[in-house]
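Coordinate analysis (summary)
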Amino acid sequence: MLDLLAVVLGGVATYVTRVLFLVTKKVRPPRRSLRYLPLVGPAVLGAIAVPGILAPRGEVSLVETLPAVAAAMLSWLLFRWSKQLVIALVGGLILWWAIVFVLSVMGLRT
Amino acid sequence: MSAPDPSPDRERTRAAIRAGVRDGLLLELGYIPFDLAAGAVMAQTVVDPGVSIASGPIIFAGAAQLVAIQLLGSGAGIPLVVLAVFIVNSRHLLYSASLEPHLEGWSRKQRLIGAFFLSDPTYALMISRFERPEGAGSKREQLGYYFASSIVLWVGWSLLLAVGVLFGGLIPPWVPLELAIPLTFLLLVLPLLKDQAGVVAAAVGGLAALAAQSLPFGSGLIIGAIAGLVAGGIVLARTTPREVASDA
């Protein structure tokens, strides 16, 4: 029950971030912070993406990190080329699966 | 002369709704691996599956949901969970500030309801619609597109998350999906890297989060985000003249 309450309150906190500057012109971000707001997205999304790519199973290692970095680079290239999230994501995943499969067959990855 | 025929506007609104459904479905397709993987990760925690499933329609923000469920699973208290969700979703402050000037004709009620759906993909679709050379059309067309696309995304996200929570464990081990989550977020961050400060914010945020990932309650993400913001802010202050947008 407390977990559900936490999720509901998390939903309220999320709604506040979405509605705050949308609902009235009187409430605007502080002038000084406006300059830095565009950095919020890169900082938060980078903090989510980078650890998962460099340490897919929680730690940096050749057999885990290199396939994931290769997949990330291919995804990046595909996204630059196609501008399509689906193509970039599926392409990266397929390359990652292929490398992981080969490493597993070679007995280098469990 | 007869009064203008209202049907063209109705037809344009219908077309906007159809476009919203189509774009929402296309974007949701890209989220399938992430959605299933997120559900599977949530299912591995000790948190009740019903709570994990409920987080989809209630929070409707994948990263924040993952953080919240993992924090709950590791025994964190409600204040820390809510704070973490607020910090992870604070980028939505930017979305609402950025979208507001485009919603000139929207009523207060429409804004209050629309805000609930203002997630990453909804913002991405809507801002690109507004910034087309022909714009987003009349108010009715804007509302039609916004609510059609966002409701499709909201329903799709919630359903796929539930499938991931309930059946994620059935995905065979030879089809690992754990990289789908970081890859999706990498692809979401790429369009945001428009200058040196953005690149530094993402890189420092990511490396700091990696260095701090062993800390309890998933606080590595928060530390990474704050470190990225500070580093990006320093670069921004040094590389950009100190002026604030005139519409501030």
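Only a predicted model underlies this, so the values are computations on that prediction, with no experimental measurement involved.

What counts, and at which threshold
- Residues numbered from 1 in each chain as written.
- Chains lettered and ligands numbered in written order.
- Predicted model: local features only at pLDDT ≥ 70, side-chain atom pairs only at ≥ 80, totals over all residues.
- Axes fitted to C-alpha atoms, helices over the stretch in contact; angles between N-to-C directions.
- Helix = DSSP H or I, 4+ residues; strand = E, 2+ residues; numbered from the N terminus.
- Parallel < 35°, antiparallel > 145°, perpendicular 65-115°, else oblique.
- Left-handed = near helix turned anticlockwise from the far one by under 90°.
- Contact = placed C-beta atoms within 7 Å.
- Nonpolar A, V, L, I, M, F, W, Y, C, P; charged D, E, K, R; others polar.
- Buried ≥ 20, exposed ≤ 12 C-beta atoms within 10 Å, placed from the backbone.
- Expected span 1.5 Å × (residues − 1).

The next subject is the packing of helix α1 (residues 2–19) of chain A against helix α3 (residues 62–73) of chain B. A pair of packed helices is captured by two measures, namely the crossing angle of their axes and the spacing between those axes. Put simply, α1(A) and α3(B) touch, their axes get as near as 11 Å, and they point 150° apart. Between α1(A) and α3(B), the interaxial angle falls into the category roughly antiparallel. The chirality of how α1(A) crosses α3(B) is right-handed. Contacts from Asp3(A), Ala6(A), Val7(A), Gly10(A) and Thr14(A) of α1(A) reach α3(B) at Ala64(B), Ala68(B) and Leu72(B). By residue class, the composition of the contact of α1(A) with α3(B) is five nonpolar, two polar and one charged.

Glancing now at the environment of Ala203(B). All names here are of chain B. Structurally, Ala203 can be placed in helix α10 (residues 196–211). For Ala203, a count of 18 C-beta atoms within 10 Å translates into the label partly exposed. For Ala203 and Gly228, which are 25 residues apart along the polypeptide, the C-alpha to C-alpha distance reads 7.2 Å.

Glancing now at unusual backbone geometry. Backbone geometry at Phe60(B) places phi at a positive 55°, although glycine is not the residue there. Here Phe60(B) lies in the loop between α2 (49–59) and α3.

With that out of the way, let us pick up the environment of Ala70(A). Its location among the elements puts Ala70(A) in helix α4 (residues 62–82). In sequence terms Ala70(A) and Leu95(A) are 25 residues apart; their C-alpha atoms lie 7.8 Å from each other.

For α10(B), built from 16 residues, the straight-helix expectation of 22 Å at 1.5 Å per residue is met to within 8% by its first-to-last C-alpha distance of 22 Å. Among the residues of α10(B), those classed as buried are Ala197(B), Gly198(B), Val200(B), Ala201(B), Ala202(B), Val204(B), Gly205(B), Gly206(B), Ala208(B), Ala209(B) and Leu210(B). Buried residues along α10(B) sit in contact with α3 (40–54) of chain A together with α9 (180–189) and α11 (219–239) of chain B.

Turning to the packing of helix α7 (residues 120–130) of chain B against helix α8 (residues 139–167) of chain B, a few remarks are in order. All names here are of chain B. Where α7 contacts α8, the two axes come as close as 10 Å, and the packing angle between them is 155°. By the angle class used here, α7 and α8 are roughly antiparallel. For the crossing formed where α7 meets α8, the hand is right-handed. Of the residues in α8, those touching α7 at Pro121, Thr122, Leu125, Met126 and Arg129 are Tyr145, Tyr146, Ser149, Ser150 and Leu153. Here the residues of the contact of α7 with α8 sort into six nonpolar, three polar and one charged.

The next thing to look at is α9(B). Because the α-helix completes a turn every 3.6 residues, residues three or four places apart line up on one side. Most of α9(B) sits inside the fold, with 10 of its 10 residues counted as buried. Turning to α9(B), its buried residues are Ala180(B), Ile181(B), Pro182(B), Leu183(B), Thr184(B), Phe185(B), Leu186(B), Leu187(B), Leu188(B) and Val189(B).

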